[in-house]
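If you want the building blocks of each chain, they are given just below.
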Amino acid sequence: MAPLLELDDVSARYGPIAALHGVSLTVDDGEIVAILGANGAGKTTTLRAVSGMVRRAGSIVFGGRRLRGSPESTARAGIAHVPEGRGIFAELTVWENLRMGAYVRRGKPDMQTVLAYFPWLDTRRNQQAGTLSGGEQQMLALARAFLQRPRLLMLDEPSLGLAPLVTREVFRVVADLNEKEGLAVLVVEQNATIALTAAQRAYVLETGKVATSGSADELKSNDAVRSAYLGY
Amino acid sequence: MQQFFQALTTGLADGSIYASLALALVLIYKATEVINFAQGEMAMFTTYIAYALYTHSHFGHTLSYWPMFFVTLLIAFGLGIGLQRVVIRPLEHASVLTVVMATIALLVILNGLAAWIWSPELKFFPSPFPTTAWVIGGVHISKQDVGTFAVTLGCVFVLWVFFRFTKLGLAMRAGAVNPGAARLLGVRTSWLLALGWGFAAVLGAVSGMMSAPTVFLSPNMMQAVLIFAFAGAILGGLESPIGAVAGGLGIGILLSLLGTYVHAVTPELRLPVALLILLVVLLIKPAGLFGSGVVRRG
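Treat the numbers as computed from the prediction; the structure is a model and nothing was measured.

## Here's the deal with the overall build of chain B
Here is step 1: Each helix and strand counted, chain B has 11 helices and 2 strands in total.
Here is step 2: Reading the secondary structure of chain B in the N-to-C direction produces α-α-α-α-β-β-α-α-α-α-α-α-α.
Here is step 3: For chain B, the C-alpha radius of gyration of 19 Å lies close to 19 Å, the compact-globule estimate for 298 residues.
Here is step 4: By the burial criterion, 46% of the 298 residues in chain B qualify as buried.
Here is step 5: Counting contacts in chain B only where the partners sit at least 6 residues apart, residues at least 24 apart contribute 74% of the total.

## Observations regarding the confidence of the model for chain B
Segments scoring low in pLDDT should not have their predicted coordinates read at a detailed level.
Residues and elements named next belong to chain B.
Here is step 1: With 97% of its residues at a pLDDT of at least 70, chain B reaches an overall mean of 92.
Here is step 2: In the model, residues 293–298 has pLDDT below 50 throughout and makes 16 contacts with residues more than four positions away in sequence or in other chains.
Here is step 3: Taken together, the chains of this predicted complex give a pTM of 0.89 and an interface ipTM of 0.93.

## Brief notes about the packing of helix α5 (residues 134–147) of chain A against helix α6 (residues 164–181) of chain A
Residues and elements named next belong to chain A.
Here is step 1: It is the contact of α5 with α6, at a shortest axis distance of 10 Å, that shows an interaxial angle of 10°. The orientation of α5 relative to α6 falls into the category roughly parallel. Facing Gly-135, Gln-138, Met-139, Leu-142 and Phe-146 of α5, the residues of α6 in contact are Val-166, Val-170, Val-173 and Leu-177.

## Side note on the interface of chain B and chain A
Here is step 1: Listed by partner, the interface residues are 20 residues for chain B and 26 residues for chain A.
Here is step 2: In terms of residue count, helix α6 (residues 167–177) of chain B provides more of the side of chain B that touches chain A than any other element does, 6 residues in total.
Here is step 3: Considered class by class, the residues forming the side of chain B that touches chain A number 10 nonpolar, 4 polar and 6 charged.

## With respect to the packing of helix α2 (residues 39–55) of chain B against helix α8 (residues 189–215) of chain B
Residue and element names in this part refer to chain B.
Here is step 1: With their axes 7 Å apart at the nearest point, α2 and α8 run at an angle of 65° to one another. Of the two elements, α2 crosses α8, and the hand of that crossing is right-handed. Counting all contacts with α2, which are made through Gln-39, Met-42, Ala-43, Met-44, Thr-46, Thr-47 and Ala-50, the residues of α8 involved are Ala-200, Ala-201, Gly-204, Ala-205, Ser-207, Gly-208, Met-209 and Ala-212.
Here is step 2: Here the residues of the contact of α2 with α8 sort into 9 nonpolar, 6 polar and no charged.

## What about the sheet that holds strand β4 (residues 56–62) of chain A?
Residue and element names in this part refer to chain A.
Here is step 1: Ordered in space as β2-β1-β4-β5, the 4 strands form an open sheet in which the pairing is antiparallel. Of all the strands in the sheet, just β2 (17–27) and β5 (65–66) have a single pairing partner and so form its edges.
Here is step 2: Note that β4 and β5 share 2 bridges and pair antiparallel. Considered in β5, the bridge of Phe-62 is made with Arg-65.
Here is step 3: Those strands touched by helix α1 (residues 43–51) are β1 (5–14), β2 and β4, and its axis lies near 75° from that of β2.

## Here we look at the pairing of strand β6 (residues 79–82) of chain A
All names here are of chain A.
Here is step 1: Of the two faces of β6, the one holding Ile-79 and His-81 and the one holding Ala-80 and Val-82 are both buried throughout.
Here is step 2: Relative to strand β7 (residues 152–156), β6 runs parallel, the two being bridged by 4 bridges. Bridge pairing in β7 links Ile-79 to Leu-152.

## Description of the environment of A:Asp156
Residues and elements named next belong to chain A.
Here is step 1: Position of Asp-156 among the secondary structure elements: in strand β7.
Here is step 2: For the pair Asp-156 and Gly-101, spaced 55 residues apart in sequence, the C-alpha separation works out to 17 Å.
Here is step 3: Dropping the residues within four chain positions of it, Asp-156 is found in contact with Thr-44, Leu-47, Val-82, Pro-83, Glu-84 and Val-188.

## Quick notes on α6(B)
Here is step 1: The buried fraction of α6(B) amounts to 8 of the 11 residues, a majority that puts the element mostly inside the structure.
Here is step 2: If you check which residues of α6(B) are buried, you get B:Leu170, B:Ala171, B:Met172, B:Arg173, B:Ala174, B:Gly175, B:Ala176 and B:Val177.
Here is step 3: The elements touched by buried residues of α6(B) are α3 (94–101) of chain A together with α1 (2–32), α5 (143–165), α7 (179–184) and α8 of chain B.

## What about the pairing of strand β2 (residues 139–142) of chain B?
On a regular strand, each side chain points to the face opposite its neighbour's, so the side chains alternate between the two faces of the sheet.
Residues and elements named next belong to chain B.
Here is step 1: Note that strand β1 (residues 133–136) and β2 share 4 bridges and pair antiparallel. Directly across from Ile-136, in β2, lies its bridge partner Val-139.
Here is step 2: Remark: 2 residues form the turn of the hairpin made by β1 and β2, two consecutive strands paired antiparallel; Gly-137 in that turn has positive phi of roughly 55°.

Each value, and the rule that gives it
Residues numbered from 1 in each chain as written. Chains lettered and ligands numbered in written order. Predicted model: local features only at pLDDT ≥ 70, side-chain atom pairs only at ≥ 80, totals over all residues. Helix = DSSP H or I, 4+ residues; strand = E, 2+ residues; numbered from the N terminus. Rg over C-alpha atoms; globule rule 2.2 N^0.38 Å. Buried ≥ 20, exposed ≤ 12 C-beta atoms within 10 Å, placed from the backbone. Contact = placed C-beta atoms within 7 Å. pLDDT = per-residue confidence, 0-100. Axes fitted to C-alpha atoms, helices over the stretch in contact; angles between N-to-C directions. Parallel < 35°, antiparallel > 145°, perpendicular 65-115°, else oblique. Nonpolar A, V, L, I, M, F, W, Y, C, P; charged D, E, K, R; others polar. Left-handed = near helix turned anticlockwise from the far one by under 90°. Pairing = 2+ DSSP bridges.

Structural data, given as C-alpha cells:
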C-alpha cells in the first residue's frame, strides 16, 4: 500500500541559507511517526516544507497527490498542522478558535466529538484563548486541528514550554486520537524519550538530513541515538 | 440647555461620519498594520461616482437617491477589492512603510484624477433628508443630522453583525490576529484582505455621501474629515473597532461642544484642536481608550 505522506528528496531554504538537504520520509495511514533531532537540525522546516510555509524543492505526495505548496491548499487537502507556538488566535474566544478549525468544512462543526476528548473546553468556551495556560492552549490547538477532520496531524514540538506532567497528558490525547480515530500523526519533538514512547517509527535529523531512521524500539536501543538524544 | 442638545445632535451627526471613516482605517490597520492614507480620497472618489450616477442619465433615465446610494456602495466595494488586488497585493512582502507610501501615492492619484474628470470646483451634492427640523421642548433637532447619524451607524451596525455572527467575519478576525495560523486552517487570507479593503471602501463611500451635502463636493472635501477620523481612531485605539466608532463620535461631540461654548474655538481651529487631541492621546495613552486589552500568556 502506498504511504499516506511521502517526501522524496525534499530541500528547503530560508533565503540564502539551506535548511533541508534532500530529506526523504514516509508516514503510513494510522501511524504515529516522530522526527527527532537537535535545535536547527531541520525538524520544524520539514513540517513547514510539507505545509508550503517555506520554499521547497523535491516531491511531496499526500494521499496519492502532489501537494501544491501553499498552506491553504495543504489544509484543504487534509493535513492539520499545529505550528511552532501553537497558532492560537489569542484575541478570539475558545469557541471561536474551535469554529475556525472547521472553517473549510461544510455544515455545523462536530463539537460533541471534540468535547468527548476535551471535556473541559465546554466550560471555558467564552474565555479569551490568550488567557489559557500553555498546556490548555496546546490542547485547544489539538482540538481545533481535530475539527479540521484531517487524515494527517502534524505537531511541532507539542512539549515546548510545558511541565512534564502536562506533556504526558498531551501525548496521551494524541495517542487516543490515533487509536480511536485512526488519525495519522507526524510529530516533531525535542523530548526524544516521550516521542519514542508514543511513536511507532522515527527519523533522526542532523543538519538538514536524515541521519538514522527505524522503529521506535530499534532507535531506543541504538547506542548513538541513546547517548545523543535519550541521555543514558 | 437647548443650545447643549443642539450642539450634541450636530456633534453626533458629524461624529458618526468620522466614526465610519475611522472604522475603515481600523479595519485595514488591524489586518495589515498599514494606515491607509488614501481612505479619505477613496471616499471622495466614490462620492463623485455617486454624483455622476445621480446627475447623468444612464440608458435614458437617472437614478433617484437611494438606488444611487446602494449602487455606489456596490461600486465602492468593487473598487476597494480592485485596489487591494492591483496596488497593495503585489507589495505583500514589502515593508509596512512601502505600503504606506503606496497609499500616499494613491491619495495623490485619486485626488488629481477626480479634479481631472470632474473639475476641481465645488459642486452641490444632494441630501436624502429634508432640511427641516423637529422641535422637541424648544430644541431644534435637524432631520438631516438624525438621518446622517442613522444611515452611518446603520452601516457600521451591519458590518458589526457580519464580523460577529458569520463564518467569513470570524475568519477575517482570525486572519487579522494570526494570518499564518489562519492559512494553516485553509483560510485564503489574501482574499480576505481584499474583502477588508472592499468594506473599508464602502464605509468611506457612506461617509463621503453623508458629508458632501454640507461640505460640498470637491476633490479636497474629505481631507479634513480624514484628519478628524484619524483623531477618532487614535482616541479610541487603532486596534479597536469599537474604539474607532466611539472615538469618532467623541471627536464629533467634543468639537461641536467646543465650538458652541468656547468662543475662541472658531471653525478655523477645529483641525488644530483635533490634531492636538491626537497628539495628547499618543503621548499619554498611545493604545487609545479602548486599546487592546488582550492578555497573552504561555
